[in-house]
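Structure at a glance
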Amino acid sequence: MADTRGRTQRASRSGRRGRRSGSGSARTVAVKRTAPVERQPVVLPPVLSVSELADKLEMSGIDVIRELMKLGIMANLNQQIDYDTAAKVATELEWETLEEESEARTAADTFEQRRLEGESDPDAQSRPPVITIMGHVDHGKTKLLDAIRSANVAEGEAGGITQHIGAYQIETQGRKLTFLDTPGHEAFTAMRARGAQATDIAVLVVAADDGVMPTTREAIAHIKSANVPMVVAINKIDLPTANPDRIKQQLSELEVMPEEWGGDVPFAEVSAKEQMGIDDLLEVLLLVADVHELKANPDKLAAGVVIEASVQSSRGPVTTLLVQNGTLNMRDVVVAGSSWGRIKAMFDDRGKRVRRAGPSTPVEVLGLEEVPEAGDTFGAFEDDKVARQLADQRQAQRRVEALTENRPIKLTELYDQVQEGETAELRVIVKADVQGSLGAIQGSLLKLNETTDEGVTLSIQYASTGVISESDINLASTTNSIVIGFNVRPDAAAKRAADAAGVDVRYYSIIYQLLDEVKQAMTGLLAPVFEDVTDGYAEVRETFKLPNNDVVAGMYVLDGKITRNSRARVLRSGTVMFEGGISSLKRFKDDVREVSAGYECGLGLDGFNDIQVGDQVEFFHREEVARS
């Protein structure tokens, strides 16, 4: 009774509130709507964990991980991600972001600007040119440098061929020149790929008795793409078979025109063995340096590029640095790539201890915590705390890049592109032992585009002679290419890189086998062709209607056999009435897997009840047929 009175009183109060809120016979209750909450942009550090991001976005970790998966990143709550990745996730979750200012980020921007400013610095002074010697193997690159330095570099190297990057400095006419001696153009290109152009002048060495070789052409292409001034040194002019004019003619055909022929490329004729023409070459290099007015400010903290780095059992991480701006001093705190440390010792190119290194000076240093990569930039810092923070951020950044890097897809995976209406493209990188083989392979591969079915195209991303290098593998990884080696194999570093990146590397010694397999690969990219293979025939002798209204047929197998997994095609006077699967197959009352010719059986078809006496049923399965 009391409960009834309570409900009545509450209803009465509710009615009075309703009457006060409006007028007229129809009373309405006004509802106050709240304005949408305006979110302030969330400030994110350069690197943070997934759980930290979830906290800042006021979301669950599962939601953040789900968005990361959409970006192709498999991460757990403790996984570190960079600001760019976090910002993408935040945007998808309808948050605006701002990057947190950090001392490390500001310091990194400062030293990178310091490294690049050079001539634009009002306090800049003239600096020595940095010169890279390039050319075909055995054309005398190291012998030429040996002659310039008056120290025998080549004898200490296996077979007289340069085995590592060296950086050396010499003095002539009271001025210094810095030389980078490389095993080819790979290191030159690797530095450029990391945005660390280290070369001011490139010297192209061509043997006067041998002429332009495949590696010479490659070197020319890399020098031109780097937009670096070129000087040609025609070596071995002391040999009776030397023909400098022929070399000039060959190079002019490659758009390397000598100055004396109206071009803009200085030429110098030298003999490294006989010490002939060395002074003329050095004078040309100094003139080119003067034209380009190379400058740097030695009064700033050092900034530059890593030439090479390795771990030595007795010394730990050993790094060769090229100072591009400023001066590097003993005890300076340095960040190189994602490594950092305090300089404990410095050595010049002759192994002599030094305490400071100015612009364009190469030095070997000890003291970094880890080994950086060739081409990484470095900078000196006043605060070791900031240096450590920047190194940690860069390590986290590289871990993120490793998570999100594009793995080369396999040939079979390109079928999805065809299914989506895209053109499937088979990208290849070709390496061969000699130029003749390379040209023939390139031409034959491109002809496959004319002879294979539409829907697949073959494109050659890069082609050259020589061993399959790590740079070839890196290119294949970034372009989703397969690597074809003809009479060449990868070196150890390239093999490790291929295994790590999942790059498909194939080796051949017979050109016809190469073309056959590539053609098979191209046809494998197309949508598969299926053919119907007949298993048997049967005739409908009787039909039966089941309680659930399904119709089953009493069959006599005329030929072949019926299997439970076969597909059925109902033929009536030659016309296909139905095509589909089998729902049931019985002998008497037992389910069976197959029925052979000469036997009777009961058959039910998926979703088809209009089967009639006299119909013939063809049983078949589909097989994929190789494209040709």
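The present account deals with the structure reproduced in this document.

Criteria and cut-off values
- Residues numbered from 1 in each chain as written.
- Predicted model: local features only at pLDDT ≥ 70, side-chain atom pairs only at ≥ 80, totals over all residues.
- Heavy atoms only, no water.
- Helix = DSSP H or I, 4+ residues; strand = E, 2+ residues; numbered from the N terminus.
- Buried < 20%, exposed > 50% of the residue type's maximum accessible area, 1.4 Å probe, protein only.
- Contact = heavy atoms within 4.5 Å.
- Areas by Shrake-Rupley, 256 points an atom, 1.4 Å probe, with all protein chains shown as cover.
- Salt bridge = Lys/Arg side-chain N within 4 Å of Asp/Glu carboxyl O.
- Expected span 1.5 Å × (residues − 1).
- Phe/Tyr/Trp six-rings, centres within 6.5 Å; stacked < 30°, edge-to-face > 60°.
- Lys NZ or Arg CZ within 6 Å of the ring centre and 35° of its normal.
- 1 Å grid on protein atoms, 1.4 Å probe; cavity = no way out; pocket = protein on both sides within 12 Å on 5 of 7 lines; lining within 4 Å.
- Points joined across faces, edges and corners; volume = space filled by probe spheres on them.
- Axes fitted to C-alpha atoms, helices over the stretch in contact; angles between N-to-C directions.
- Parallel < 35°, antiparallel > 145°, perpendicular 65-115°, else oblique.
- Pairing = 2+ DSSP bridges.

In terms of helices and strands, the chain carries 16 helices and 32 strands. Out of the 628 residues in the chain, the part that is buried amounts to 45%. The contacts in the chain between residues at least 6 apart in sequence include a share of 70% that link residues at least 24 apart. Only carbon and sulfur atoms are counted for the fraction: they give 47% of the accessible area of the chain, which is about 32900 Å².

Assignment of secondary structure puts V386 in helix α11 (residues 384-404). Here V386 falls in the buried class, since its relative accessible area comes to 7%. Placed 51 residues apart in sequence, V386 and V335 show a C-alpha to C-alpha distance of 9.7 Å.

The tally for this structure, following the rule as stated, stands at 20 salt bridges. Here R66 makes a salt bridge to D63, at a shortest N to O gap of 2.9 Å. Here R66 and its partner D63 are both found in helix α3 (residues 61-70), three residues apart, which amounts to about one turn of the helix. Look at R66 and you get partly exposed, because its relative accessible area is 42%. For D63, a relative accessible area of 26% gives the class partly exposed.

This part covers unusual backbone geometry. You will see that E94, though not glycine, has its phi angle at about 65°, which is positive. The exposure class of E94 is exposed, given its relative accessible area of 67%. One non-glycine residue with positive phi stands out, namely N549, at about 75°. Relative to the assigned elements, N549 resides in the loop between β25 (529-545) and β26 (551-563).

This paragraph deals with helix α10 (residues 278-292). Its 15 residues place the ends of α10 22 Å apart at the C-alpha level, agreeing with the 21 Å of an ideal helix rising 1.5 Å per residue. Just beyond α10, the residue with positive phi is E293, at close to 45°.

As a further point, take the packing of aromatic side chains. Summed over the entire model, instances satisfying the criterion amount to one aromatic pair. For the ring pair F578 and F608, a centre distance of 4.8 Å and an interplane angle of 15° mean the geometry is stacked. Residue F578 is located in strand β28 (residues 575-587), and its partner F608 is located in the loop between β31 (600-605) and β32 (616-625); the two are separated by 30 residues in the primary sequence. Judged on exposure class, the residue F578 and its partner F608 are both buried. Geometry around Y507 places R489 over its ring, the cationic atom sitting 3.7 Å from the centre.

Further remarks concern the layout of surface pockets. Of the volumes computed, that of the second largest pocket is approximately 510 Å³. In this structure, the second largest pocket is lined by 25 residues; those nearest its centre are P128, Q169, K176, P359 and T361. Among the secondary structure elements, those contributing two or more residues to the lining of the second largest pocket are β7 (166-172), β8 (175-181), α10, β18 (356-357) and β19 (362-368).

Our focus in this paragraph is the packing of helix α6 (residues 141-149) against α10. For any two helices packed against each other, the geometry comes down to the angle between their axes and how far apart the axes lie. Interhelical geometry of α6 versus α10 gives an angle of 90° and a closest axis separation of 10 Å. Between α6 and α10, the crossing angle belongs to the class labelled roughly perpendicular. For the pair formed by α6 and α10, the contact residues are L144, A147 and I148 on the first element and I278, L281 and L282 on the second.

The next point concerns the pairing of strand β20 (residues 377-381). For β20, a buried count of five out of five residues is recorded, marking the element as mostly surrounded by other parts of the structure. Where burial is concerned, the two faces of β20 agree: the one with T377, G379 and F381 and the one with F378 and A380 are both buried. In the sheet, strand β13 (residues 303-312) pairs with β20 via three bridges, with the strands oriented antiparallel. Directly across from G304, in β20, lies its bridge partner F378. In this sheet, β20 lies alongside strand β16 (residues 333-336) in antiparallel orientation, the contact comprising four bridges. The partner of A336 across the bridge, within β20, is F378.

The values are spatial; any link to function lies outside them.
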